[in-house]
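# Observations on the model geometry
Take a look at the letters that make up each chain.
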Amino acid sequence: MICPMRETIIAIMSSIADDSDLHLKSELHDQDVLLECGLDSLGFAILVAHLEEEFGYDPFSLMDQPYYPRTFGEFVAIYQKYAP
Amino acid sequence: MFETLFQLLSELPPDGRALLLPSECIPMATLRRDASLLAQHSQLPKGCRIALCGLSPLKLIKAVIAFDGTVNVMLLLPASMDARTTNQLIQSSHCTHRIDALLDEPESIASLLNLPLRDEAPTRWLLASSGTTGTPKLIEHTLASLCRSVKRDTVCGSEFVWGLLYDPCRFAGMQVVLQALLSTSGLCVSESMDFDTQITGFIANKVNALSATPSLWRRLLMDGRIAELPLRQITLGGETVDQNILDALKHAFPVARVIHIYASTEVGTGFSVHDGFAGFPANWIDSVIAPLPLRVREDGHLLVKPWILPGGKEILDRVDADGYLDTQDLVRVEGDRVFFLGRASGAINVGGNKVNPEEIECCIREVEGVYDVRVYAKKNSIMGQIVAAEVVSAIEVEPEPLRKSIQRHCRSHLENWQVPVFISFVTALKETSSGKRERLPV
């Protein structure tokens with residue numbers, strides 16, 4: 001089943017990678033380690049900023065206890081969890 | 001013995017131009033008479049501490065002429081300041097009287113405190129300094145320190161008509177007021193700080209000398225109406241002056257003398273640069289040829305040794321053992337030139353990397369189709385802050401291709417953390433009340 005939020009995240013990651021001359025993995029799986037997906041930490045900062053524009057919230061600023069996802073699956077899950 | 005502003009003006013020809021309104025010229029004699037009447041009617045006790053709150057430029061000018069030398073402290077607060085800050089500053093300055101905008105009505109003067117009054121001494125002028133982050137600090141001056149770099153040549157001065165764009169409550173605005181009055185140039189003022197009203201007045205009075213921040217100059221150029229002005233003197237200050245704005249002004253007004261001034265409420269007028277290039281000559285550092293002693297600290301802070309150091313704890317905390325004041329301006333020496341990078345406190349921090357907004361703005365302004373730009377910090381939960389930009393573009397330019405051009409240009413000229421993540425298009429840029437770029441992080 002296609003998850004629209006997951007697809008949006010991948011599309012934005014891909015666009016950031018293109019803009020920054022980075023190479024995103026051709027296929028992303030839930031268990032993939034985030035920092036090995038192809039984006040660097042600045043890339044993720046940019047990703048979070050763009051996702052806030054897209055979805056209207058930044059889950060990392062909503063967390064009582066800061067939690068940084070390790071895998072791509074965890075990253076997507078955080079956005080799903082904090083969706084209004 | 002000290003001279004008051006009223007006394008200085010009394011030495012000038014009574015029929016000389018003083019203030020120019022859109023439909024009226026107020027000669028020096030009339031201005032002095034109005035100030036004298038105001039001093040009589042206000043019945044303020046000698047040595048009191050007054051707060052001048054939100055007065056129109058015209059009323060403020062009359063008030064400072066009326067009260068300099070009579071009151072112990074004169075706190076100048078602009079109309080744009082919010083009520084909470086205004087009250088805070090009045091309280092912290094222990095003002096005994098508050099004078100509000102309605103200067104001609106008796107109830108406009110409110111008695112606040114019963115403090116012992118001071119003996120006669122030069123009036124202490126308290127001016128609010130607005131940093132790029134907008135936190136007001138009070139810097140103390142006297143008429144002597146405010147007039148230090150004012151030229152009092154009435155022959156040369158009579159050839160100029162100054163326009164007042166700045167709020168006269170601010171250091172830069174008061175410099176224009178004193179320069180124009182003491183050299184008998186006319187000073188074009190309006191009843192409000194409204195931009196359109198100011199421009200209309202300038203055109204009506206054929207203003208030929210203007211002082212403004214680079215941001216205001218860009219706005220003036222975009223506005224276009226100043227093309228009608230026979231400008232002979234163009235002064236820039238208050239913000240980093242880049243080559244683009246100097247070139248644009250020189251191109252628009254080829255006969256004008258374009259100078260940029262390094263001045264601040266704290267330092268007063270430090271030095272002015274006349275050669276048409278951004279920054280200042282590197283051979284001024286630690287050299288006797290400099291207009292005043294200058295040093296560049298290891299961390300890039302510009303240090304200056306002002307001729308007259310304003311008072312106040314805030315200032316003293318920033319003075320080193322050799323008497324040099326940390327201006328908190330960041331500079332970089334490149335070859336034979338020293339360039340300003342912006343305020344140390346205005347820098348954007350992207351994951352530990354400091355970004356100077358002015359540097360990014362200069363880069364973006366190089367892109368064709370960009371009229372003006374504001375770079376600011378956007379809060380980010382991953383890197384602390386990221387860089388964002390608001391761009392004013394030429395009307396005929398499509399936003400999307402321009403956004404791509406800007407990003408391409410920035411990527412090829414800047415570090416990747418300096419490249420704006422967000423570029424939005426706006427019709428006008430926000431400025432602080434002192435005419436500087438608004439840099440509050442969002």
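Further up the page is the structure itself.
In this text the structure is predicted, and so the values were computed from the model without any measurement.

Thresholds, definitions, all that
- Each residue is numbered by its place in its chain's sequence as written, counting from 1.
- Chains carry letters from A onward and ligands carry numbers from 1 onward, assigned in written order.
- In keeping with the predicted nature of the model, local features appear solely for residues at pLDDT of at least 70, side-chain atom pairs appear and are counted solely at 80 or more, and the whole-chain, interface and lining totals rest on all residues.
- The way it works is that DSSP assigns letters per residue, a run of H or I at least four long becomes a helix, a run of E at least two long becomes a strand, and they are numbered from the N terminus.
- The exposure label follows from counting other C-beta atoms within 10 Å of a residue's C-beta, where the C-beta atoms are placed from the backbone and the thresholds are 20 or more for buried and 12 or fewer for exposed, leaving partly exposed in between.
- Contact between two residues is assigned when their C-beta atoms, built from the backbone, lie within 7 Å.
- Only strands that DSSP links by at least two bridges are regarded as paired with each other.
- Seen with its strands pointing away from the viewer, a crossover is right-handed if its path from the first strand over the helix to the second goes clockwise.
- When residue character is reported, Ala, Val, Leu, Ile, Met, Phe, Trp, Tyr, Cys and Pro are called nonpolar, Asp, Glu, Lys and Arg charged, and the others, Gly included, polar.
- Every axis corresponds to a line fitted to the C-alpha atoms, with the helix fit spanning only the stretch in contact, and the corresponding angles, defined between N-to-C directions, vary from 0 to 180 degrees.
- Throughout this description, any angle smaller than 35 degrees is read as roughly parallel, any larger than 145 degrees as roughly antiparallel, any in the 65 to 115 degree range as roughly perpendicular, and the remainder as oblique.
- Each crossing is labelled by how the near helix is turned from the far one, with a counterclockwise turn of less than a right angle marking it left-handed and a clockwise turn marking it right-handed.
- A set of buried residues qualifies as a nonpolar core if it consists of Ala, Val, Leu, Ile, Met, Phe, Trp, Tyr and Cys joined through C-beta atoms within 7 Å.

Looking only at helices and strands, chain B has 13 helices and 24 strands in total. Out of the 442 residues in chain B, the part that is buried amounts to 47%. Long-range pairs, those at least 24 residues apart, make up 63% of the contacts in chain B between residues at least 6 apart in sequence.

What follows deals with the overall build of chain A. The helix and strand tally for chain A stands at four helices and zero strands. Listed by position from the N terminus, the elements making up chain A come as α-α-α-α. Classification of the 84 residues of chain A by burial places 24% in the buried group. Summarising the internal contacts of chain A: among those between residues at least 6 apart in sequence, 55% fall at separations of at least 24.

On to the environment of Gly186(B), then. With respect to the secondary-structure elements, Gly186(B) resides in strand β10 (residues 186–188). When residues no more than four places from it in sequence are discounted, the contact partners of Gly186(B) are Arg17(B), Leu20(B), Cys25(B), Val161(B), Ala180(B) and Asn205(B).

All names here are of chain B. Strand β12 (residues 233–237) sits mainly inside the fold: five of its five residues count as buried. Neither face of β12 is open: one carries Gln-233, Thr-235 and Gly-237, the other Ile-234 and Leu-236, and all of them are buried. Across four bridges, the pairing between strand β11 (residues 209–212) and β12 is parallel. Residue pairing across strands places Leu-210 opposite Ile-234, the latter belonging to β12. Crossover β11 to β12 through helix α9 (residues 214–223) is right-handed.

This part is about the interface of chain A and chain B. At the junction of the two partners, chain A supplies twelve residues and chain B supplies twelve residues. Elements that contribute at least two residues to the side of chain A that touches chain B include exactly α2 (41–55) and α3 (59–62) of chain A. The biggest single contributor to the side of chain A that touches chain B is α2(A), with seven residues. Of the residues belonging to the side of chain A that touches chain B, the class tally is seven nonpolar, three polar and two charged.

The next subject is unusual backbone geometry. Trans peptide bonds make up the majority, and among non-glycine residues the majority have a negative phi. Residues and elements named next belong to chain B. Within the chain, His-94 stands out as a residue other than glycine whose phi angle is a positive 55 degrees. Looking at the secondary structure, you find His-94 in the loop between α4 (83–92) and β5 (97–99). Residue His-94 is classed as partly exposed on the basis of its C-beta count, with 13 C-beta atoms lying within 10 Å. Here the phi dihedral of Thr-184 falls at roughly 55 degrees; this positive angle occurs in a residue that is not glycine. The topology assignment puts Thr-184 in the loop between α7 (171–182) and β10.

The next subject is the packing of helix α2 (residues 28–42) of chain B against helix α3 (residues 57–67) of chain B. Residue and element names in this part refer to chain B. In the contact formed by α2 and α3, the axes pass within 8 Å of each other and the chain directions differ by 70 degrees. Classified by the interaxial angle, the pair formed by α2 and α3 is roughly perpendicular. Note that α2 runs across α3; the crossing there is right-handed. Facing α2, whose interface residues are Leu-31, Asp-34, Ala-35, Leu-38 and Ala-39, α3 presents Lys-62, Ala-63, Ile-65, Ala-66 and Phe-67. When the residues that make up the contact of α2 with α3 are grouped by side-chain class, the tally is eight nonpolar, no polar and two charged.

Moving on: the packing of helix α1 (residues 4–19) of chain A against α2(A). All names here are of chain A. Packing of α1 against α2 brings their axes to within 10 Å, and their N-to-C directions diverge by 130 degrees. With respect to α2, the axis of α1 lies oblique. Considering how the two elements wind past one another, α1 and α2 form a crossing that is right-handed. Of α2, the residues touching α1 (which contributes Thr-8, Ile-9, Ile-12, Met-13 and Ile-16) are Gly-43, Ile-46, Leu-47, His-50, Leu-51 and Glu-54. For the contact of α1 with α2, a count of residues per class yields seven nonpolar, three polar and one charged.

All names here are of chain B. An order of β2-β1-β10-β9-β11-β12-β13-β14 is seen for the eight strands of this open sheet, with the pairing classed as mixed. Two strands lie at the open edges of the sheet, namely β2 (24–27) and β14 (268–273), each paired on one side alone. Across the sheet, the mean angle separating the axes of adjacent strands is 25 degrees when strand polarity is ignored.

Here the focus is the nonpolar core. Membership of the largest hydrophobic core comes to 99 residues, with the highest contact counts inside it found for Ile50(B), Leu52(B), Met74(B), Leu75(B), Leu77(B) and Leu187(B). Here this core gets nine residues from one element, more than from any other, and that element is α7(B). Other than its neighbours up to four places away in sequence, Ile50(B) contacts Leu44(B), Phe67(B), Val71(B), Val73(B), Met74(B), Leu75(B), Cys95(B), His97(B) and Ile99(B). Formed by 43 residues, the second largest nonpolar core is a distinct cluster that contains Ile16(A), Leu28(A), Ile386(B) and Cys410(B).

Honestly, it's all geometry; don't read function into it.
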